[in-house]
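What follows is the residue order along each chain.
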Amino acid sequence: MKTQKIVLSVVVIATALFSSLYADEISDAEKAELAKQEAFRSGFTAIVGDLNNGLFDSFVQAVDRRALIDQIYGLRLIDQKVKKQFDERLAYTYDNMIKSGFANLMNKEERLEATLLGIESRGNLGRAVVRYDLPNFQFGYHEFDLRLDEKNRVAVLDWTDFYSGMKFSETIGRSLVMSAPSKPAMRKLLDFQNVSDRELFQFGELLKAARDRKLDRYLEIRDGLEPRFQRQRIVVESSVQIARKARKRRQMIAALAIMAEHYPAEPLYSLMLLDYYFPTRKYEEALRALQALSDRLAVKDAAMEARLSAAALVMGNAPDAVAYANAALELEPGLELAWWSALNARATSSDFAGSVEALQHLEAEFGHKLGSEALQKNPGFAPLLASDEFRTWLETRQ
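Residues numbered from 1 in each chain as written. Predicted model: local features only at pLDDT ≥ 70, side-chain atom pairs only at ≥ 80, totals over all residues. Heavy atoms only, no water.

Asker: Could you give an account of the overall build of the chain, with specific residues and numbers?
Answerer: In terms of regular secondary structure, the chain is built from 21 helices and five strands. Seen along its three principal axes, the alpha-carbon backbone of the chain occupies a region of about 75 × 65 × 35 Å. Relative to its 398 residues, the chain shows a buried fraction of 48%. Restricting to contacts in the chain with at least 6 residues of sequence separation, those with at least 24 account for 56%. As displayed, the chain offers around 20100 Å² of accessible surface, 50% of which is attributable to carbon and sulfur atoms. With 53 positive and 56 negative side-chain charges, the chain shows a spacing of 8 Å between the two charge centroids. (Helix = DSSP H or I, 4+ residues; strand = E, 2+ residues; numbered from the N terminus. Buried < 20%, exposed > 50% of the residue type's maximum accessible area, 1.4 Å probe, protein only. Contact = heavy atoms within 4.5 Å. Areas by Shrake-Rupley, 256 points an atom, 1.4 Å probe, with all protein chains shown as cover. Lys, Arg positive; Asp, Glu negative; His and termini not counted. Charge placed at Lys NZ, Arg CZ, Asp CG, Glu CD.)

Here it is in structure tokens:
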């Protein structure tokens with residue numbers, strides 16, 4: 001099992017240090033604040049540790065049920081029958097509903113690999129960011145809205161899933177609206193007025209097709225709508241989600257292209273858009289998306305630095321690629337992608353000694369066999385293979 005890694009915010013570290021050295025000199029209010037920060041840190045660290053061990057009970061228990069349900073209902077115009085059924089079923093569906101928020105973040109073994117990147121708090125309110133390592137060097141992120149209860153226990157109010165580009169409460173609330181969309185509910189989903197009954201009917205049929213996951217029907221209706229409907233957030237998001245759930249890559253890439261056209265600067269969509277930018281070699285756009293997501297998360301993350309390194313490298317900026325890769329290794333030397341990024345960036349920069357160091361780590365720690373036969377498949381490694389450093393290492397390795 002992967003060892004959980006914790007990256008604490010500078011504020012938490014500094015205040016903890018201050019409290020240990022000058023405990024007698026700070027006020028009671030400052031002591032109380034430090035105690036709350038520690039409660040957030042220790043409480044949520046334990047929860048993430050349980051998630052890594054396949055245990056969801058502590059997370060489910062930490063979710064403030066009333067606060068989450070209030071967020072799900074919000075000001076949404078949900079059909080009363082749908083709402084009543086949802087309330088009645090909560091007694092035996094609640095736990096699975098909460099767990100569904102992690103369904104897309106499992107690795108090949110159907111387990112979570114979660115890394116707590118940072119926690120920050122002020123008073124009784126807090127925020128935490130968690131990274132999930134996925135197959136093929138992909139990553140997901142959750143941003144949690146936290147609160148301390150009256151016993152200084154961590155409560156989870158809601159969380160933003162950057163894999164879907166929305167809060168968990170929005171995912172559930174939207175599904176309830178789409179179960180039986182009324183005309184007032186549909187109008188509320190749009191950011192413009194003056195909608196005819198015919199247009200509203202078509203929009204309703206689109207929502208039903210999304211609800212029922214009928215991709216072909218959905219695309220047929222969407223493509224027949226006016227442009228002002230096609231660029232609505234709910235339509236753009238649903239186009240990506242329904243294609244992804246149907247495992248139709250071509251349709252998903254097309255949906256992401258529409259998302260990139262209308263919302264290129266939306267950090268909530270950055271992670272999704274990478275699946276469009278990299279395959280279509282839009283590397284400058286990919287770099288901007290990564291930077292927007294990094295700014296939105298506001299934590300230091302080795303995986304983010306490693307991906308920034310890859311983007312910089314394909315854009316021909318080797319110095320930045322090396323800097324990003326080194327930053328990734330400094331943050332998390334046990335991250336495999338960081339060593340791959342370092343290998344590629346250093347080899348391109350003719351840092352063959354540094355390249356050999358990366359090869360050693362990739363073989364010793366991650367089980368790869370990276371001799372001449374494996375590396376020559378990549379033409380970019382030709383100068384490395386011809387270097388004295390590589391030849392010397394190869395002799396030692398054998």
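Asker: Pulling in residues and values, what's your account of helix α5 (residues 80–99)?
Answerer: The largest bend in α5 is about 80 degrees, located at A91. By the burial criterion, the buried members of α5 are V82, F86, L90, Y94, M97 and I98. Buried residues in α5 make contact with α3 (57–62), α4 (65–73), β4 (154–161) and α6 (168–179). (Bend = angle between axes of the 7 residues up to and from the residue.)

Asker: Can you lay out the pattern of salt bridges for me, pointing to particular residues and giving the numbers?
Answerer: As enumerated under the stated definition, the model contains 24 salt bridges in all. Close ionic contact of R174 with E170 constitutes a salt bridge, the shortest N to O distance being 3.1 Å. Of the two residues, R174 and E170 both sit in helix α6, four residues apart, roughly one turn of that helix. Relative accessible area serves as the criterion here: at 12%, R174 is assigned to the buried category. R228 is the partner of E199 in a salt bridge, and the nearest nitrogen-oxygen pair spans 3.0 Å. Of this pair, E199 sits in helix α8 (residues 197–211) while R228 sits in helix α10 (residues 227–230), and the two are 29 residues apart along the sequence. Looking at E199, the relative accessible area reads 10%, which means it is buried. Classification of R228 by relative accessible area gives partly exposed; the value is 22%. One network of salt bridges, in which partners are shared, links R76, E170, R174 and E237. (Salt bridge = Lys/Arg side-chain N within 4 Å of Asp/Glu carboxyl O.)

Asker: Tell me about the layout of surface pockets, and name the residues and values.
Answerer: The calculated volume of the largest pocket comes to roughly 1600 Å³. For the lining of the largest pocket, the elements supplying multiple residues, two or more each, are β3 (138–148), β4, α6, α8, α11 (233–245), α12 (249–262) and α13 (270–277). Among the elements that make up the lining of the largest pocket, the one with the highest residue count is α6 (eight residues). Taken together, the residues of the lining of the largest pocket sort by class into 19 nonpolar, 12 polar and 11 charged. (1 Å grid on protein atoms, 1.4 Å probe; cavity = no way out; pocket = protein on both sides within 12 Å on 5 of 7 lines; lining within 4 Å. Points joined across faces, edges and corners; volume = space filled by probe spheres on them. Nonpolar A, V, L, I, M, F, W, Y, C, P; charged D, E, K, R; others polar.)

Asker: Residue-level account of the environment of N344, with values.
Answerer: Structurally, the position occupied by N344 is in helix α17 (residues 336–348). Look at N344 and you get partly exposed, because its relative accessible area is 25%. Separated by 221 residues in the primary sequence, N344 and G123 have C-alpha atoms spaced 45 Å apart.

Asker: Now, about the nonpolar core: what can you tell me, with residues and values included?
Answerer: Considering soluble globular proteins, one finds that nonpolar side chains tend to be buried as a cluster. One finds Y141, F203 and L256 to be the most contacted residues of the largest nonpolar core, which totals 84 residues. Here this core gets eight residues from one element, more than from any other, and that element is α17. Ignoring sequence-local partners within four residues, the contact set of F203 consists of M186, L189, L190, F229, I234 and V235. Among the nonpolar cores identified, the runner-up in size contains 43 residues, and I47, F102, L112 and V177 belong to it. (Core = buried A, V, L, I, M, F, W, Y, C linked by side-chain atoms within 4.5 Å.)

Asker: Account for the pairing of β4, naming residues and giving values.
Answerer: Of all eight residues in β4, eight are buried; the element is thus mostly enclosed. Once β3 ends, the chain turns through five residues before running back antiparallel as β4, passing N152 with a positive phi of about 60 degrees. In this sheet, strand β5 (residues 166–167) lies alongside β4 in antiparallel orientation, the contact comprising two bridges. Along β5, the bridge assignment pairs D161 with M166. Between β4 and β5, which pair antiparallel in sequence order, lie four residues; one of them, G165, sits at a positive phi of approximately 75 degrees. (Pairing = 2+ DSSP bridges.)

Asker: Describe the sheet that holds β5, listing the residues and the values that go with them.
Answerer: Here we have five strands laid out as an open sheet, ordered β1-β2-β3-β4-β5, and antiparallel in their pairing. A strand with exactly one partner marks an edge of an open sheet, and here the two such strands are β1 (114–122) and β5. The sheet contact formed by β3 and β4 spans seven bridges and is antiparallel. Within β4, the position partnered with F144 by the bridge is W159. Relative to β1, helix α2 (residues 28–52) is tilted by about 160 degrees, and along the sheet it contacts β1, β2 (125–134), β3 and β4. (Axes fitted to C-alpha atoms, helices over the stretch in contact; angles between N-to-C directions.)

Asker: Residues and numbers for the packing of α5 against α6, please.
Answerer: Two numbers describe how α5 lies on α6: the axes approach to 13 Å, and their chain directions differ by 145 degrees. Crossing hand, α5 versus α6: right-handed. In this structure, α5 contributes V82, F86, M97 and I98 to the contact, and α6 contributes F168, I172, L176 and S179. Per-class residue counts for the contact of α5 with α6 are seven nonpolar, one polar and no charged. (Left-handed = near helix turned anticlockwise from the far one by under 90°.)

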